[in-house]
Amino acid sequence: GNHSMNHKFMNSFYIRRMSYEIELCQNTIKNTVGVMPKFFRPPWLFRSPGLFKVTRENKMIMISGVFCNAFEVFQPNAEYIAKKTVNKVHPGSIIIFHDGVESKGGDRSKTVESVRLVIDELKKQNFTFVTVDKLLGIKEPYNS
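Below: a short report on this structure.

About the thresholds
Residues numbered from 1 in each chain as written. Predicted model: local features only at pLDDT ≥ 70, side-chain atom pairs only at ≥ 80, totals over all residues. Heavy atoms only, no water. Core = buried A, V, L, I, M, F, W, Y, C linked by side-chain atoms within 4.5 Å. Buried < 20%, exposed > 50% of the residue type's maximum accessible area, 1.4 Å probe, protein only. Helix = DSSP H or I, 4+ residues; strand = E, 2+ residues; numbered from the N terminus. Contact = heavy atoms within 4.5 Å.

**Things to note about the nonpolar core**
Counting seven residues, the largest nonpolar core consists of Met18, Ile22, Phe40, Leu51, Val54, Met60 and Met62. When contributions to this core are tallied by element, the ones reaching two or more residues are α1 (15-33) and α2 (49-57). In contact with Ile22, other than residues within four places in its own chain, are Asn2, Phe40, Leu51, Val54, Thr55 and Met60. Counting residues in hydrophobic clusters, the runner-up holds five residues, among them Ala82, Val86, Val89 and Val118.

**A closer look at the environment of Glu113**
In this structure, Glu113 sits in helix α4 (residues 109-124). In this structure Glu113 comes out as partly exposed when scored by relative accessible area, which is 31%. Once the C-alpha coordinates of Glu113 and Glu21 are considered, the two residues, 92 residues apart in sequence, prove to be 31 Å apart.

These values are about where atoms sit, not about what they do.
Here's what the structure looks like:
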């Protein structure tokens with residue numbers, strides 16, 4: 001899905017900027033992989049009436065979720081991240097892990113390890129994992 005081009009928090013307050021960010025990201029994805037995603041997860045999970053309007057105009061579905069752990073960006077040990085994450089999970093959860101520090105990259109080894117631990121634990125609890133389109137029952141996850 002689309003997550004904006006630059007992931008800048010301040011852009012979330014300006015609908016024209018977010019509209020541009022979404023459009024630029026859509027075009028980049030289309031030019032790279034040949035499809036335009038239907039889903040948009042706003043940076044920082046920021047939502048506003050204007051942003052809902054922009055996603056509707058672009059025939060997109062805004063997706064939200066729950067951050068795995070508030071301290072995950074600081075890379076505490078993997079077991080801590082995993083424990084806090086598993087405690088938040090319920091059927092239908094969308095859990096968000098980060099792949100960089102404020103979109104600048106960085107060592108994410110603790111996050112990667114925590115994901116493995118979370119998956120192992122949730123499988124023991126008989127959870128299954130699906131893509132967002134399947135979770136929401138969307139048959140076509142791309143816009144034309």
